[in-house]
Amino acid sequence: MRIVFLGAPGSGKGTQASLLKERLGLAHISTGDLLRAQVAAGTELGRAAKEVMARGELVSDAIVLGMLEARMAEPDVANGYILDGYPRNSAQAVALDALLDRLGMPVDRAVLLEVEDEVLLVRIAERARKEGRADDNPESLRTRLTVYQEQTAPVIEHYAGKGNLRRVPGIGTVEDIHARIRDALA
Ligand code: B4P
């Protein structure tokens, strides 16, 4: 199974993708996690991405695509994948289609986690308290939500047009939402 997860920051993409990876044995590819690993390692790429991420803006398409291409070449991806956090704008959606066509691994399902903004704010505030991520502050979160509305929301139409979009309510317990996702993938 090859899946793309869509949803606003805090909608539970990372949480649900980890659970699906565990249960279905798929590769979980989070561009946010890949970028944070580069920042933590202090690589040239990480240095370029660090401030952009902390502000809540999108890292350049070329950087993220290069990183994704390298990850997609790893052997575990052959069993299926969950893409979490990519694509995040229309240009990335087009680039992803081209990459996956080349690899012969097209997307089977796009899952959109739908959560109201008020709930997102509460979840991110809670994560800020627990984990202290550089972009989990009120100002960056506002930027991330605006970026999501302006740049990422159009990607939903990209997958709706292909007929493989499934909308899943993202409120409730993690297990309840997981069960809804499993139904949506069946
Ligand atoms: P991401 O790492 O993708 O961050 P995110 O959108 O906030 O989602 P995340 O997966 O972390 O949150 P989740 O919903 O799981 O991106 C971070 C930054 O990296 C971006 O702003 C950008 O700068 C850069 N970036 C990443 N990809 C890029 C790309 N393709 N192009 C350019 N730049 C890119 O969870 C949020 C919280 O909610 C968690 O604490 C969780 O415990 C909690 N939660 C989850 N489910 C819950 C539930 N059911 N009930 C209660 N709480 C729940």
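Residues numbered from 1 in each chain as written. Predicted model: local features only at pLDDT ≥ 70, side-chain atom pairs only at ≥ 80, totals over all residues. Heavy atoms only, no water.

**A look at the packing of helix H6 (residues 117–131) against helix H7 (residues 138–162)**
Packing of H6 against H7 brings their axes to within 11 Å, and their N-to-C directions diverge by 140°. With respect to their mutual orientation, H6 and H7 come out oblique. Handedness of the crossing formed by H6 with H7: right-handed. Mapping the contact onto sequence places Asp-117, Leu-120, Leu-121, Ile-124 and Arg-127 in H6 and Leu-141, Arg-144 and Leu-145 in H7. Of the residues contributing to the contact of H6 with H7, the split by class is five nonpolar, no polar and three charged. (Axes fitted to C-alpha atoms, helices over the stretch in contact; angles between N-to-C directions. Helix = DSSP H or I, 4+ residues; strand = E, 2+ residues; numbered from the N terminus. Parallel < 35°, antiparallel > 145°, perpendicular 65-115°, else oblique. Left-handed = near helix turned anticlockwise from the far one by under 90°. Contact = heavy atoms within 4.5 Å. Nonpolar A, V, L, I, M, F, W, Y, C, P; charged D, E, K, R; others polar.)

**A look at the site of the ligand**
Among the 28 residues in the neighbourhood of the ligand, the closest are listed as Gly-12, Thr-31, Glu-57, Arg-127 and Arg-144. Between Gly-12 and the ligand, the recorded distance is 2.5 Å, taken from a backbone N or O atom to an oxygen atom. Thr-31 has a polar side-chain atom sitting 2.8 Å from a nitrogen atom of the ligand. In isolation the ligand exposes 1000 Å². Once the protein is present, 87% of that is buried. Sorting the residues of the shell around the ligand by element identifies helix H1 (13–24), helix H2 (31–41), H6 and helix H8 (174–185) as the ones contributing at least two each. (Near = heavy atom within 4 Å. Polar contact = N/O pair within 3.5 Å; in protein donor to acceptor, adjacent residues only side chain to side chain. Areas by Shrake-Rupley, 256 points an atom, 1.4 Å probe, with all protein chains shown as cover.)

**Some details on unusual backbone geometry**
Geometrically, the link from Tyr-86 to Pro-87 is a cis peptide bond, its omega value of 5° lying close to zero. Among the structural elements, Pro-87 can be located in the loop between strand S3 (81–84) and helix H5 (90–103).

**Focus on the side chain of Gln-92**
Considering the arrangement of structural elements, one finds Gln-92 in helix H5. Gln-92 sits in the buried class, given a relative accessible area of 3%. (Buried < 20%, exposed > 50% of the residue type's maximum accessible area, 1.4 Å probe, protein only.)

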